[in-house]
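Listed below are the residues making up each chain.
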Amino acid sequence: MTTCITGTGLYVPPYSISNEELVASFNQYVENYNEQHADEIANDTITALEPSSAAFIEKVSGIKSRYVMEKDGILNPEIMAPVIPYRKLGEELSVMAEMGAAALKDALADAGLEANDLDGIILACSNFQRTYPAVAIEIQNEIGMVGGFAYDMNVACSAATFGLSQAHGSIISGLAKRVAVVNVEITSAHLNWRNRDSHFIFGDVATASIVEELETPKGYEIINSKLFTQFSTNIKNEYGFMDRSEFLAAQTEMYPDIKEPVTDKLFLQNGRKVFREVCPKVSEIITEHLHDNELQASDIKMMWLHQANANMLDLILRTVVGKEADKAIVPSVIDEFANTSSASPMIVFHRYKDKLASGDLGVICSFGAGYSIGSVLVRKV
């Protein structure tokens, strides 16, 4: 018996925002802000905001556009956030469940399965719109899956590879025979669109993968995984259910440093430190994983990497494979999708999984906040 990825699915949101559109909105906000605070800026009590450009965004990230669930609010200089109406739980399908169910139905069709063929669903993401009941169980209900289990898990941008590892482990342990791993990211909602250094990074999307135990392998056999975590605050999102209590405490002057949880607790990143610290560690983990399996970098035909930044992709490729490595080994979708957190390596896998020949080896690798790094070694059947 072998454990294989037999199907993948992708849900693409209805709207796309180009760099040019995003910059026009951001620069209007900058102009309005600087005008409103002209006196303070003249007196050096606050610093003037700097405009951005499409060329700057593409140079530092490789991003040209991103998909989002709601566009008008993001591009409104007075709002600069997605405006997504509340859906009453139990009466309406949540936005996350809607996206995840669509991606999962696509993956089931790709694998030639029905909902009741599944034993479990793991919703592995970096952002959740509620704490409980689990959105995974809502997806389970929406697709008509009777019985089995479903649960949510969060390992930030590495959630997909950790989820695949959990699915593989569930099968190996006898807990299940077929498990779906779903990755839904509405990253537009956790992003501070007024921050010049990061407002362009993220996009929304949903992906799904079917992991099965098979006597006759098909798709991609999962050989094994390597997981790594190390605490760091260089990438963080502190927005959570304690924010109201902390903010109320701050109003009583118990904790005067606590600010209103609107911008200071949304996505924040020390990009330069992340680049310097994460890239070498990702290369090290992949190299160790190959060594553990008595493989060389030359044995790997493709690496489906987390789409965090085009420059990071290039550096990891050159460090693992060599300076003259063929860029086709690390395909990219970041120009179209931007960074979609946990879902990003699965978008690339979904788009490029048919490019390898039978017997070829590949690595699905993610990395992000935590720090967290996951490497899944697979073989095309």
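That block above? That's the structure.
Before going into details, it helps to say that this report is about the structure given with it. (Residues numbered from 1 in each chain as written. Predicted model: local features only at pLDDT ≥ 70, side-chain atom pairs only at ≥ 80, totals over all residues. Heavy atoms only, no water.)

## What about the overall build of the protein chain?
Filter applied, for reference: Working definition: helices are DSSP H or I runs of at least four residues, strands are E runs of at least two. Numbering for both runs from the N terminus. Using C-alpha atoms as the atom set, the radius of gyration is obtained and then compared with a globule rule of 2.2 Å times the number of residues to the power 0.38. Type-normalised accessible area, obtained with a 1.4 Å probe on protein chains alone, sets the label of each residue: buried when under 20%, exposed when over 50%, and partly exposed for intermediate values. Only heavy atoms matter for contacts: two residues are in contact if any of them lie within 4.5 Å across the pair. To measure how exposed things are, a 1.4 Å probe is used in the Shrake-Rupley method; for residues, cover is taken only from the protein chains shown.
Counting secondary structure elements, the protein chain contains twelve helices and 13 strands. Here the C-alpha atoms of the protein chain give a radius of gyration of 21 Å, agreeing with the 21 Å that 2.2 N^0.38 yields for 381 residues. In terms of principal-axis extent, the alpha carbons of the protein chain reach across some 75 × 55 × 40 Å. Counting across all 381 residues of the protein chain, residues that qualify as buried make up 52%. Summarising the internal contacts of the protein chain: among those between residues at least 6 apart in sequence, 78% fall at separations of at least 24. Accessible surface for the protein chain amounts to roughly 17,500 Å². Of this, 49% is attributable to carbon and sulfur atoms.

## A word on the packing of aromatic side chains
Cut-off, in case you're wondering: Under the pairing criterion, centres of Phe, Tyr and Trp rings, with the six-membered ring standing for Trp, must be within 6.5 Å; the plane angle then separates stacked pairs below 30 degrees from edge-to-face pairs above 60, leaving the rest tilted. Working rule: Lys NZ or Arg CZ, within 6 Å of ring centre, within 35 degrees of ring normal, means a charge sits over the ring.
This structure, assessed with the given rule, holds nine aromatic pairs. Look at Tyr29 and Tyr33: their rings are 6.1 Å apart centre to centre, the planes differ by 45°, and that puts the pair in the tilted class. Taken together, the positions of Tyr29 and Tyr33, both in helix H1 (residues 19-36) and four residues apart, correspond to about one turn of that helix. Given a relative accessible area of 13%, Tyr29 falls into the buried group. Between the aromatic rings of Phe202 and Phe267, the centroid separation amounts to 4.7 Å while the plane-to-plane angle is 85°, which identifies the pairing as edge-to-face. Of this pair, Phe202 sits in the loop between strand E6 (178-186) and strand E7 (204-214) while Phe267 sits in the loop between helix H8 (243-251) and strand E10 (268-269); the two residues are 65 residues apart in sequence, bridging distant segments of the chain. Across this residue pair, the class does not change: Phe202 and Phe267 are buried. Of note, Arg196 hangs over the ring of Phe56, and the distance from its end group to the ring centre comes to 4.4 Å.

## As for the packing of helix H5 (residues 95-111) against helix H6 (residues 135-142)
A pair of packed helices is captured by two measures, namely the crossing angle of their axes and the spacing between those axes. To keep it simple, the criterion reads: With axes taken as lines fitted to C-alpha atoms, and helix axes fitted only over the stretch in contact, angles between N-to-C directions fall between 0 and 180 degrees. The scheme is simple: roughly parallel for angles under 35 degrees, roughly antiparallel for over 145, roughly perpendicular for 65 to 115, oblique for anything else. Should the near helix be turned anticlockwise from the far one by less than a right angle, the crossing is left-handed, and should it be turned clockwise, the crossing is right-handed.
In the contact formed by H5 and H6, the axes pass within 9 Å of each other and the chain directions differ by 55°. With respect to H6, the axis of H5 lies oblique. H5 and H6 meet at a crossing whose hand is right-handed. Every residue of H6 that contacts H5 at Met96, Ala97, Gly100, Ala101, Leu104 and Lys105 is listed here: Val135, Glu138, Ile139 and Glu142.

## Considerations on the nonpolar core
Rules: Among buried residues, the Ala, Val, Leu, Ile, Met, Phe, Trp, Tyr and Cys ones that are joined through side-chain atoms within 4.5 Å form a nonpolar core.
One finds Val282, Ile286, Met303, Leu305, Ile316, Cys365 and Phe367 to be the most contacted residues of the largest nonpolar core, which totals 48 residues. Of all the secondary-structure elements, those providing two or more residues to this core are H1, helix H9 (271-292), strand E11 (300-305), helix H10 (310-320), strand E12 (361-368) and strand E13 (372-380). The greatest single-element share of this core, amounting to seven residues, is contributed by H9. Sequence-distant contacts of Cys365, that is, excluding residues within four places in its chain, are made with Thr161, Val282, Ile286, Trp304, Leu305, His306, Pro345, Ile373, Gly374 and Ser375. The next biggest cluster of nonpolar side chains, apart from the first, holds 33 residues, and it includes Ile122, Phe162, Val181 and Ala343.

## Focus on the pairing of strand E4 (residues 120-125)
Heads up, the condition is: A crossover counts as right-handed when, viewed with the strands pointing away from the observer, the path leading from the first strand over the helix to the second turns clockwise. The pairing criterion for strands is at least two bridges between them, as found by DSSP.
By the criterion of burial, E4 is predominantly enclosed, with six of the six residues buried. The side-chain alternation of E4 yields two buried faces, one formed by Gly120, Ile122 and Ala124 and the other by Ile121, Leu123 and Cys125. Note on the crossover from E4 through H6 to strand E5 (residues 149-154): the handedness is right-handed. Sheet topology note: the E4/E6 ladder contains four bridges and is parallel. In the sheet register, Ile121 faces E6, and the bridge partner there is Ala180.

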